[in-house]
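# Examination of the molecular architecture
Below, each chain spelled out in residue letters.
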2 protein chains.
Amino acid sequence: MKSFVPKFSLNKNNNQPLKLIPLGGVGDVTKNMYIYEYGDDIIIVDCGVGFPDEAMPGVDLVIPDISYLRDKKNKIKAILITHGHDDHIGGLPYLWPELQVPIYTQKLTCGFIRTKFTEFGLPKNSIHEVKISDKLTLGAFNISFYQVSHSVPDSMGIVIETPVGRIIHQADFKIDWTPVSGQVTDVGRVANLGTAGVKLLLLDCLRVEKPGFNPSEKSIESSFEKAALETSGKVLITMTSSNVSRMQQAINVAARLGRKVALVGRSFENNFQVARDLGYLHVPPGVIIASDAMSTFPANKLLILIAGSQGQAGSSLSRVANGEHKLVRIGEGDSVVFSADPIPSTETEYNALIDSLTRIGVNVYYSAVTSNLHVSGHAAADELKLMINLAKPQYLMGIGGTFRHNKLFAKMAQDMGYKQNQVLDVEDGDIINILQNDIKVEGKIEVQNIYVDGLGVGDIGSIVLRDRRLMSEEGIIVTVISLDPQTGKMEGEPEIISRGFVFEALATDLLDEAKQVVKDSFRQHSKGKLDWRFLRKMIEDDLEKFLYKHTERRPIILPVIVEI
Amino acid sequence: MKSFVPKFSLNKNNNQPLKLIPLGGVGDVTKNMYIYEYGDDIIIVDCGVGFPDEAMPGVDLVIPDISYLRDKKNKIKAILITHGHDDHIGGLPYLWPELQVPIYTQKLTCGFIRTKFTEFGLPKNSIHEVKISDKLTLGAFNISFYQVSHSVPDSMGIVIETPVGRIIHQADFKIDWTPVSGQVTDVGRVANLGTAGVKLLLLDCLRVEKPGFNPSEKSIESSFEKAALETSGKVLITMTSSNVSRMQQAINVAARLGRKVALVGRSFENNFQVARDLGYLHVPPGVIIASDAMSTFPANKLLILIAGSQGQAGSSLSRVANGEHKLVRIGEGDSVVFSADPIPSTETEYNALIDSLTRIGVNVYYSAVTSNLHVSGHAAADELKLMINLAKPQYLMGIGGTFRHNKLFAKMAQDMGYKQNQVLDVEDGDIINILQNDIKVEGKIEVQNIYVDGLGVGDIGSIVLRDRRLMSEEGIIVTVISLDPQTGKMEGEPEIISRGFVFEALATDLLDEAKQVVKDSFRQHSKGKLDWRFLRKMIEDDLEKFLYKHTERRPIILPVIVEI
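To start, this report covers the structure provided alongside it. None of these values were measured; they are calculated from a predicted model.

## Here's the deal with the sheet that holds strand S17 (residues 363–365) of chain B
All names here are of chain B. Read across the sheet, five strands follow the order S14-S15-S13-S16-S17 without closing on themselves; strand pairing throughout is parallel. In this open sheet, the two strands that pair with only one neighbour each are strand S14 (260–264) and S17. Each strand of the sheet is rotated relative to its neighbour by a mean of 20°, with strand direction disregarded. Across the sheet, helix H9 (residues 347–359) is in contact with strand S16 (335–338) and S17; its angle to S16 comes to roughly 165°.

Here it is in structure tokens:
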């Protein structure tokens, strides 16, 4: 393969810096989005969503903060997408309408994005398919691609030839010499780039804690077959809904054993449909059945691919476990195979789901007791070292990990001979100035979490979330006081209503006393000129003290004064 | 050792069953409490607390439901405690005041219970120390004990000789031939009991998923030493605050390397004090310093034992990481050693704490990247098999695990040759009738979770928790309507106040429209005779529909009607 020579490489006098700004994905596993800006040209790599943690109750998704781009929209040449996972494409339906720029990525990823755009009623003519061998010129940037293995087909590395040197943007990948998709990481291409010279390599560091190499995705199929052979009833397999290679392996097993395959869960059905339509799944005729046709087959002729591998409340598999699913009923003799490991934030729900399934008599296969049910899609330490040795970059930057991953990544690079200043120590919002002879982190833009909750995007912030957390731990007390504005006196009794504080029927004495506290507080603080804000604050304080003394709880207190 | 012959063993005509009722700890890792009832005699084994999960926001602790015992208090002869962990003793300060019966356990456990009783202002004269060789006669029960290894010294198995046969109650234990405490599991005694005949063995099944044997606790000390030798500044070690053997190993390392040891965290200080006073810790003179004396020593002369090994918000280590601790400041050159693995429900906080520490430049040692930092206190599968082979019980029952552990435990026993009916398949509240020739699960008592929140015990229930969860995800809307009872008409405008719903400043239009919805709803439904409950329900429904349509959120709606 001929190496790709950047057209600016001879311009030695170029002192204008390239700005690289991560909006998400650095010190942060998800909502990947990176800005490359040179003069009047901007390209964006990835546009993902993040997932809420416990400090964000009720939040559905977190999207990157694109405030920095608001006055630079006409500079943006394109969004390049590395692969079709939600933490790399999920932000598009929310942010593309504002940016309205072309999107470039490989075929399957285009398919997944089109599905999202259809759901959101967005036009799809900006979604452009690239072949892995394509080259693009986007303003000052010359772009090429190379194939990598990952847990979804059509994942790629992006080579960005810039006026200040060559950058490789390598998001999620792994080394798998026998991937089910046939898409092996193109180590030869990376080696050629390394020989030609690489200024900066951005590299997926999520699994740097794991020594050695990952096993191949192919190791899963025999585990599925073993589970199916051991099961006299239905076999349910759950996995990430975009894991097309794993779906393929389940379908292979079903076809060999004469079981029919049904897909349960909207994301599963959507992704299956896209992958099959685009030729990424090879399905023998007659193997797939509609999910509502399951009841016409005996249990031992069914293999069901089902969503909900993390135990998420409300997911298809959770509803099956609770006996609430309208199409799938399971019990003694049936098996559920978890072809996914829990991620830290879902471990409790994951284990609870295994317990619920066990309780209804189902045989559960999961990683703690069965081997080869899941392999990670992310490179382990020795795979990272291989990529670094192939690309031989002058500078390195870990992406897609948290702070501890970045630190271990830096340590690993230093063990390989890199100096401390050659491994960029950055976080979201940092402005990385890349010059021909140097890279400096200079300045920072403010990036916030933008929360999506229901139909609202960005309409809830830290105060709303703080209130939600407080109410969830301590409840709320509303007290309503009627006031005669003529006399400044309270009319009748104050009302006290609580939610999430105490079981009111058990606490009538406490709430009656609380009324008296409100009355006393009102009387004491309503002398002279009435300042309602002050009065409300005093009542809140007095009631808080009273309630804390008697319960050691601090509910949110909401005094409402009604003028009559 | 002479085997212990129950005095009733020759009474072959005894047809009265022994009732065994687990109130907590079966299908449930924590709040261990078991009732053994024979005729007019009851003994209780353990009295633990449980810890809240995500479905119990704001709950501090969960305690066992002792409703069944309320009319049988005069039957209860004693509470026997297996060891000093909170899931076995933590319920005592809440439940002992109602039961007022003698408590029997070994010395260190007595010490821990005394500390709790002191904090709660309870009398301590019912706490009785037993030696491991002691025997007790408690009504129909003859009790003896044997030593086991666990992650706290003075853990024991309880042998209960009953009129219907011998029962071994083996809560948390492990096999460790070189425990730091010197307390090896007394396999010889268990073998003797097995030879004499064991009807039923209750056995800690929490780690049945783990194949093989645990490493010895002793393996930890060299890891501490290595970390300390690699650290130029302060060394902080965090672990479960009751793990006396591990404290000992940290102290040994500090003494060898010339570091002073300070203890940070109330539970740490309490447990250290009790263990040292009772002779369970061997501390060379001058090694321990008061925590407020730390500032007088250079960083490289300090080793700090600190609470908060699960990343719990508000714990000492979390406050240190946030720079909020008044005595401990750390940064570059300092190390934190996590000598505890995360438990499923704390994994997110645990990882976040490692990230925060990494971010401030601290070197963190944790299990994903360093070996021999923690060993489990619970028997792995082959240790369980050893105990079963020694005790050779007629029947088996897994305790201290969830449903999946119980199922795997049953499977393991069947692999060893037990029949399905020999492994009891039970859950909390089941009444297990033990007869001389049979064991039957017959009937069930209702056991609820009793929640402790602040000073309240049992005053919050499922409705309060449901409201808390709803408010945490969707927020609350309060609407106040003033009504003239003479005319039945609304006076003025309704008020709308929200918390945790939207950022109000951004949503004035929405909230203004919502007022109109309330007015329209009032007008429509306030015709004829006024039924306030009906009116409130109608306003709630109309407002809910309106808000869901515009936000896809469903806050709790609280209409308040004020008569003026």
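More follows now that the structure is in view.
## A closer look at the pairing of strand S15 (residues 302–306) of chain A
All names here are of chain A. In terms of burial, S15 is largely enclosed, as five of its five residues are buried. Burial of the side chains of S15 extends over both faces: Leu302, Ile304 and Ile306 are buried on one face and Leu303 and Leu305 on the other. In the sheet, strand S13 (residues 235–238) pairs with S15 via four bridges, with the strands oriented parallel. Within S15, the residue paired with valine 235 across the bridge is leucine 303. Bridge count between strand S14 (residues 260–264) and S15: five bridges; the pairing is parallel. What sits directly across from leucine 263, in S15, is leucine 305. Regarding topology, helix H7 (residues 266–277) serves as the crossover connection from S14 to the parallel S15, and that connection is left-handed.

## Description of the packing of helix H4 (residues 187–196) of chain A against helix H10 (residues 381–391) of chain A
Residues and elements named next belong to chain A. Remark: H4 packs on H10, axes separated minimally by 6 Å, with the N-to-C direction vectors making an angle of 45°. The angle between H4 and H10 falls in the class oblique. The segment H4 lies against H10, with Val187, Val190, Ala191 and Gly194 engaging Met387, Leu390 and Ala391. Partitioned by chemical class, the residues of the contact of H4 with H10 number six nonpolar, one polar and no charged.

## Quick notes on the nonpolar core
By size, the foremost hydrophobic cluster in this structure holds 65 residues, and its most contacted members are Leu69 and Leu305 of chain B. The leading source of residues in this core is helix H6 (residues 244–257) of chain B, at six residues. Mapping this core onto the domain boundaries places at least three of its residues in each of domain 1 (18–212 + 376–444) and domain 2 (219–365) of chain B. Leaving out residues up to four positions away in the same chain, leucine 69 of chain B has contacts with Leu23, Met33, Ile35, Ile42, Ile44, Ile76 and Leu99 of chain B. By size, the runner-up hydrophobic cluster in this structure holds 63 residues, among which are Leu69, Leu95, Val101 and Ile251 of chain A.

## Digging into the relation of the copies chain A and chain B
Once chain A is rotated about the relating axis by 180° and shifted along it by 0.0 Å, it coincides with chain B to within an RMSD of 0.0 Å. The superposition of one copy onto the other is thereby described by a two-fold rotation axis. Residues of chain A ranked by C-alpha distance from the rotation axis are headed by serine 472 of chain A, positioned 2.4 Å from it. Mapped onto chain B, 100% of the interface residues of chain A are again interface residues, and the two copies thus contact each other with one and the same surface.

## A short note on a negative patch on the surface
Taken together, the side chains of Asp53, Glu54 and Glu349 of chain A together with Asp53, Glu54 and Glu349 of chain B define an acidic patch exposed on the protein surface. Assignment of secondary structure puts glutamate 54 of chain B in the loop between strand S3 (41–45) and strand S4 (61–63).

## Remarks on the sheet that holds strand S10 (residues 155–162) of chain A
Residue and element names in this part refer to chain A. A sheet is described by the order of its strands in space; here six strands give the open sequence S8-S9-S10-S11-S12-S18, paired in mixed fashion. The open sheet has two edge strands with one neighbour each: strand S8 (135–138) and strand S18 (393–399). Shown here is a sheet whose adjacent strand axes are inclined to one another by a mean of 20°, direction ignored. Two elements, strand S12 (residues 198–204) and S18, share six bridges in a ladder whose sense is parallel. Within S18, the position partnered with leucine 200 by the bridge is tyrosine 395. Its contacts with the sheet place H4 against strand S9 (141–148), S10, strand S11 (165–170) and S12, and it is angled at close to 140° to S9.

## Description of the packing of aromatic side chains
According to the stated counting rule, one finds six aromatic pairs over all chains in the structure shown. Ring centres of tryptophan 96 of chain A and phenylalanine 117 of chain A lie 5.5 Å apart, and the angle between their planes is 50°; this geometry places the pair in the tilted category. Of this pair, tryptophan 96 of chain A sits in helix H2 (residues 92–99) while phenylalanine 117 of chain A is found in helix H3 (residues 107–119), placing the two residues 21 residues apart along the sequence. Just as tryptophan 96 of chain A is buried, phenylalanine 117 of chain A falls in that class too. Ring centres of phenylalanine 338 of chain B and tyrosine 350 of chain B lie 5.2 Å apart, and the angle between their planes is 65°; on these two criteria the pair is classed as edge-to-face. Of this pair, phenylalanine 338 of chain B sits in strand S16 while tyrosine 350 of chain B sits in helix H9, and the two are 12 residues apart along the sequence. Relative accessible area serves as the criterion here: at 3%, tyrosine 350 of chain B is assigned to the buried category.

What counts as what
Residues numbered from 1 in each chain as written. Chains lettered and ligands numbered in written order. Predicted model: local features only at pLDDT ≥ 70, side-chain atom pairs only at ≥ 80, totals over all residues. Heavy atoms only, no water. Pairing = 2+ DSSP bridges. Helix = DSSP H or I, 4+ residues; strand = E, 2+ residues; numbered from the N terminus. Axes fitted to C-alpha atoms, helices over the stretch in contact; angles between N-to-C directions. Contact = heavy atoms within 4.5 Å. Buried < 20%, exposed > 50% of the residue type's maximum accessible area, 1.4 Å probe, protein only. Right-handed = clockwise from strand over helix to strand, strands pointing away. Parallel < 35°, antiparallel > 145°, perpendicular 65-115°, else oblique. Nonpolar A, V, L, I, M, F, W, Y, C, P; charged D, E, K, R; others polar. Core = buried A, V, L, I, M, F, W, Y, C linked by side-chain atoms within 4.5 Å. Domains from an automatic or database assignment. Least-squares fit on C-alpha atoms with pLDDT ≥ 70 in both. Patch = residues over 30% accessible without salt bridge, like charges linked within 9 Å, V, L, I, M, F, W, Y side chains within 5 Å. Areas by Shrake-Rupley, 256 points an atom, 1.4 Å probe, with all protein chains shown as cover. Salt bridge = Lys/Arg side-chain N within 4 Å of Asp/Glu carboxyl O. Lys, Arg positive; Asp, Glu negative; His and termini not counted. Charge placed at Lys NZ, Arg CZ, Asp CG, Glu CD. Phe/Tyr/Trp six-rings, centres within 6.5 Å; stacked < 30°, edge-to-face > 60°.

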